[in-house]
Amino acid sequence: MINAVGLHKAYRLKGRRIAALQGVDLHVRQGEVYGVVGRSGAGKSTLLRCVNLLERPDRGEVRVDGQDLTALGSARLRAARHGIGMVHQHFALLSSRTVAGNVAFPLEIAGVSRVERRRRVAELLDLVGLADRARAYPAQLSGGQKQRVGIARALAPRPKVLLSDEATSALDPATTAGILDLLRTLNRELGLTILLITHEMEVVKRVCDSAAIMEDGSFTESGRVSDLLRTPGSLLTRSLFPLPSDPPPGTVALTYPDGTDEPLMSQITRGFDVDVNIIAGALEEVAGHSVGRLNVRITGERRAEALAYLADNGLLVEEVR
Amino acid sequence: MTEWFGELAARWPEMWPVLWLGTLDTLYMVLWSGLVTVAVGLPLGVLLVATDRDGLTPAPVLRAVLGAVVNVGRSLPFIVLMVAVLSLTRFITGTTLGPTAAVVPLSIGAIPFFARLVETALREVDRGVIEASHAMGARKSVIVVKVLLPEALPGLVASLVMTVVTLVSYSAMAGAIGGGGLGDIAIRYGYQRFDDYYLWATVVFLVLMVQLVQSAGDLLVRRVSHR
Ligand SMILES: Nc1ncnc2c1ncn2[C@@H]1O[C@H](COP(=O)(O)OP(=O)(O)O)[C@@H](O)[C@H]1O
Ligand SMILES: [Mg+2]
C-alpha cells in the first residue's frame, strides 16, 4: 500500500547539514498496522511527512496505493492527499470550529455537498463515540476526546491510509489505550492501512502487525512483528522483553513467538537429563498474539542438545552472557 | 467650581450643536478611514505573512519591499504624513479641507499600522493546524480564508479595535489642519479663542468615544474567541 524506496532527506540549519533520512525503504502492506519506533530525532516525523509529501524527499520514490506521489503536480497531489488521512501529536484542530465543523473541514476541501457532509459527520462522530459533543469547541474537550476528533477528521474523506505522528504521546496511559484500541478497530473493520510512528514500544506491542526500528535516519530492522520475534538478536524483541540484568551463568532467554501447548521444559529434563531452573517468566500480548518469555538456567551434560531441541520446536533461544 | 458648572450649563445650548456636529464629523472620518484601512490593510497583512520565508508562498523580494513600505508608513509621525500627502489628498477628493479630505491621510496613516497588527495576529495561528490543512489537500487560498483568518479572528478584532482607537486620536489631529471634527473644535474654539469650556468638552467627548469603542471591542473579542 505504501512503498517508499531509497528516501533521503537533509535539512540545512544555520549552515549545518542534518541528514534526517539516509536511505529508508518502507513497505507497508494493504490492511496492516505498521509501526516505526525510535528515539526523538531519529527521523520518524520526517519519514511520515515524506509519505504524504508534506516534505519532499531529496531522493527516492514514494508510492501510495500504486500512485507515485513524487511525480504528481500540485493539484493532483492535493487530490491524492484526500486518500491519506493524518493524525497529529498535538491534534491540530481548528479552535474556531466546533467538533462537527472540524470533522466537516476535509469534506469542504474535497467539495462534498452540505447535506452529504452533515450525514458523514454524524456517522463519524458516532464511530469515535463523540456524537454528544458535536457542538463543543476543541478547547472544551479532553486530550483523548480531541484525538478522537482528529481521527474522525482524518477518516472523513474515506482514506485508504492513515498516518499517525505520535498520536498518543500527549495522552495519559489509560487514554492512550483507548485511542490505540480505536485505531485497531478501524484497521480491522474498515480495512484501513495504518502507518504510525511512536517512541513507545508499548504502542508497537499493542497494535502493530509490522514494525521498524529507526535510528539516525535509517531502519536498523523491519518486518512483521511475529517474524522479528523469531529473529535471534532482534532489537525489537530485546526492547519488548529485556534480558535479566545480572543473570547467573548458563542463563538462556526463551521466546515462544506463538505460545505453545507442549510441555517442553519437562520434555528436556527427561529427554536430555538437564536441570531447568526458572528465573523469570512472562506472557505478553503482542499484536493480538500471546508471546511467552522465559529466562531459565539450564545445566547438565547434554545442555547443547536440549537447546537445539527447543529451537527445533519453534522457540527463539538466546544465550545470555 | 459650582460657578464653572453654572457657566457651562448656561452655555450648553449654544455649545451642544457645535459639539454634536463635530462628533458626527469625527465618526464619519473614523468610519470611512476604518473601512479603507481594513480593505487595504487586511490583505497587506496576509501578504506579509504569506510571502515570508516559512509562509504559504515565500517571496523574499516582494516581502522585503512590502516590509519597507510598511515601515516607512509606520515611522512617519501622523502630523507630518498629513502634510506630506496633501497633493494626493487634493487629487483624490478635490480638496484638502473637511472630513472627506481627512479620510485620505487617516487611511494612509492607519493602513501600515493595521497591517502590522494583522501580521502579528496571523503569526499566532498554530503552525500545526496549517500543516494539517496541507495534509488534507487544502489549496492555499482555502487555507487563508478557512484557516488563517478564522483562527486569528479574536486577534484580528483586537487589532481593529486598536486601529479604530488610533484613528479617533489621528482624526483629532487631522482637525488641526482643517479636517473638521472634535479636534477641529478643540483647536478653533478651545485653543485659538481660549475657550476652556470647548476644550474640556471635546476632551470628554473623545474619551467617551474611545471608551465606547474599546468596551464594545473587548466584548466582541470575547464573543469570537473559543480558545
Ligand atoms: N524543518 C526542519 N529543519 C531543520 N531540521 C529539521 C527539521 N525537521 C526535522 N529536523 C531535524 O531532522 C532530524 C529528524 O527529525 P524528526 O524527523 O522530527 O525526528 P523524530 O520525529 O524521530 O523525533 C532531527 O535532527 C531534527 O532536528
Ligand atoms: Mg517526531
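All figures in this text were calculated on a predicted structure; none of them were measured in a lab.

Here the focus is the overall build of chain A. Per the secondary structure count, chain A includes eleven helices and 14 strands. Based on the C-alpha atoms only, the size of chain A along its principal axes is roughly 75 × 50 × 35 Å. Buried positions account for 50% of the 321 residues belonging to chain A. In chain A, the proportion of contacts linking residues at least 24 apart, taken out of those at least 6 apart, comes to 68%. Approximately 14600 Å² of chain A is accessible, and the part contributed by carbon and sulfur atoms is 47%. Distance between charge centroids for chain A: 11 Å, based on 41 positive and 37 negative side chains.

What follows deals with the side chain of Glu55(A). Residues and elements named next belong to chain A. Tracing the backbone shows Glu55 in the loop between helix H1 (44-51) and strand S4 (59-64). A residue is classified by how much of its surface remains accessible, and Glu55, at 15% relative accessible area, is buried. Within the local environment of Glu55, its side chain forms a polar contact with the side chain of Tyr11, the two groups lying 3.0 Å apart. Here the side chain of Glu55 touches Arg49 through a polar contact of 2.6 Å, side chain to side chain. In this view, Glu55 contacts Lys9, Tyr11, Arg49 and Cys50; residues no more than four positions away in its chain are not counted.

It is worth spelling out the interface of chain A and chain B at this point. At the interface, 22 residues of chain A touch 18 residues of chain B. Across the chain A/chain B interface, buried area totals approximately 1800 Å², and carbon plus sulfur atoms make up 59% of it. When the shortest N-O distance is used, the salt bridge between Glu108(A) and Lys146(B) registers 2.5 Å. Inspection of the chain A/chain B interface yields seven residue pairs in polar contact (both at pLDDT 80 or more). Where the side of chain A that touches chain B is concerned, the elements lending two or more residues are helix H2 (74-81), strand S6 (84-87) and helix H3 (99-109) of chain A. With four residues, the top contributor of residues to the side of chain A that touches chain B is H3(A). Split into classes, the residues belonging to the side of chain A that touches chain B amount to eleven nonpolar, five polar and six charged.

Following the UniProt record, one finds the feature "domain: ABC transmembrane type-1" (unreviewed entry) at residues 23-221 of chain B. Segment residues 23-221 of chain B splits into 83% helix and 0% strand. End C-alpha atoms: 26 Å apart.

What follows deals with the pairing of strand S1 (residues 2-13) of chain A. Moving residue by residue along a regular strand, the side chains alternate between the two faces of the sheet. All names here are of chain A. Looking at chain direction, S1 and S4 are connected through five bridges and run antiparallel. Bridging across to S4, Ala4 finds its partner in Val62. The pairing of S1 with strand S2 (residues 16-28) spans ten bridges and is antiparallel. Across the sheet, Ala4 pairs through a bridge with Leu26, a residue of S2. The antiparallel hairpin formed by S1 and S2 contains two residues in its connecting segment, where Lys14 sits at a positive phi of about 50 degrees.

All names here are of chain A. What the domain assignment reports for chain A is domain 1 (2-228) and domain 2 (242-319). Once you take the C-alpha centre of each, domain 1 and domain 2 turn out to be 38 Å apart. Counting residues at the interface gives five residues for domain 1 and four residues for domain 2. Here domain 1 packs against domain 2, burying approximately 460 Å² in sum over the two surfaces, 55% of which is carbon and sulfur. In terms of surface lost to domain 2, no three residues of domain 1 exceed Lys205, Val225 and Ser226, which account for 70% of the buried area on that side.

A separate point is the layout of surface pockets. Each pocket or cavity is described by its volume, and for the largest pocket that value is around 900 Å³. Forming the walls of the largest pocket are 30 residues, and the residues nearest its centre are Gly55(B), Leu56(B), Arg127(B), Ile130(B) and His134(B). Counting only elements with at least two residues in the lining of the largest pocket, the list comes to H2 of chain A together with helix H1 (2-50), helix H5 (98-123), helix H6 (127-135) and helix H7 (140-151) of chain B. Tallying contributions element by element places H6(B) first for the lining of the largest pocket, with five residues. Of the residues assigned to the lining of the largest pocket, the class counts are twelve nonpolar, six polar and twelve charged.

A few words now on empty space enclosed by the protein. Summed over the entire model, instances satisfying the criterion amount to four cavities of 30 Å³ or more. Computed from the structure, the largest cavity encloses a volume of approximately 110 Å³. As for the largest cavity, its lining consists of 14 residues, and the residues nearest its centre are Gly85(A), Met86(A), Arg153(A), Ala154(A) and Met136(B). Going through the elements one at a time, S6 and helix H5 (143-155) of chain A together with H6 of chain B are the ones with two or more residues in the lining of the largest cavity. Split into classes, the residues belonging to the lining of the largest cavity amount to eight nonpolar, four polar and two charged. One number sums up the size of the second largest cavity: a volume of about 80 Å³. In terms of lining, the second largest cavity is formed by Met82(B), Leu86(B), Thr89(B), Thr96(B), Gly98(B), Ala101(B), Ala102(B), Pro105(B), Ala174(B), Ile177(B), Gly178(B) and Gly179(B).

Cut-offs applied
- Residues numbered from 1 in each chain as written.
- Chains lettered and ligands numbered in written order.
- Predicted model: local features only at pLDDT ≥ 70, side-chain atom pairs only at ≥ 80, totals over all residues.
- Heavy atoms only, no water.
- Helix = DSSP H or I, 4+ residues; strand = E, 2+ residues; numbered from the N terminus.
- Buried < 20%, exposed > 50% of the residue type's maximum accessible area, 1.4 Å probe, protein only.
- Contact = heavy atoms within 4.5 Å.
- Areas by Shrake-Rupley, 256 points an atom, 1.4 Å probe, with all protein chains shown as cover.
- Lys, Arg positive; Asp, Glu negative; His and termini not counted.
- Charge placed at Lys NZ, Arg CZ, Asp CG, Glu CD.
- Polar contact = N/O pair within 3.5 Å; in protein donor to acceptor, adjacent residues only side chain to side chain.
- Buried area = accessible area lost by both parts, 1.4 Å probe.
- Salt bridge = Lys/Arg side-chain N within 4 Å of Asp/Glu carboxyl O.
- Nonpolar A, V, L, I, M, F, W, Y, C, P; charged D, E, K, R; others polar.
- UniProt positions renumbered as here; feature names shortened; annotations may be inferred.
- Pairing = 2+ DSSP bridges.
- Domains from an automatic or database assignment.
- 1 Å grid on protein atoms, 1.4 Å probe; cavity = no way out; pocket = protein on both sides within 12 Å on 5 of 7 lines; lining within 4 Å.
- Points joined across faces, edges and corners; volume = space filled by probe spheres on them.

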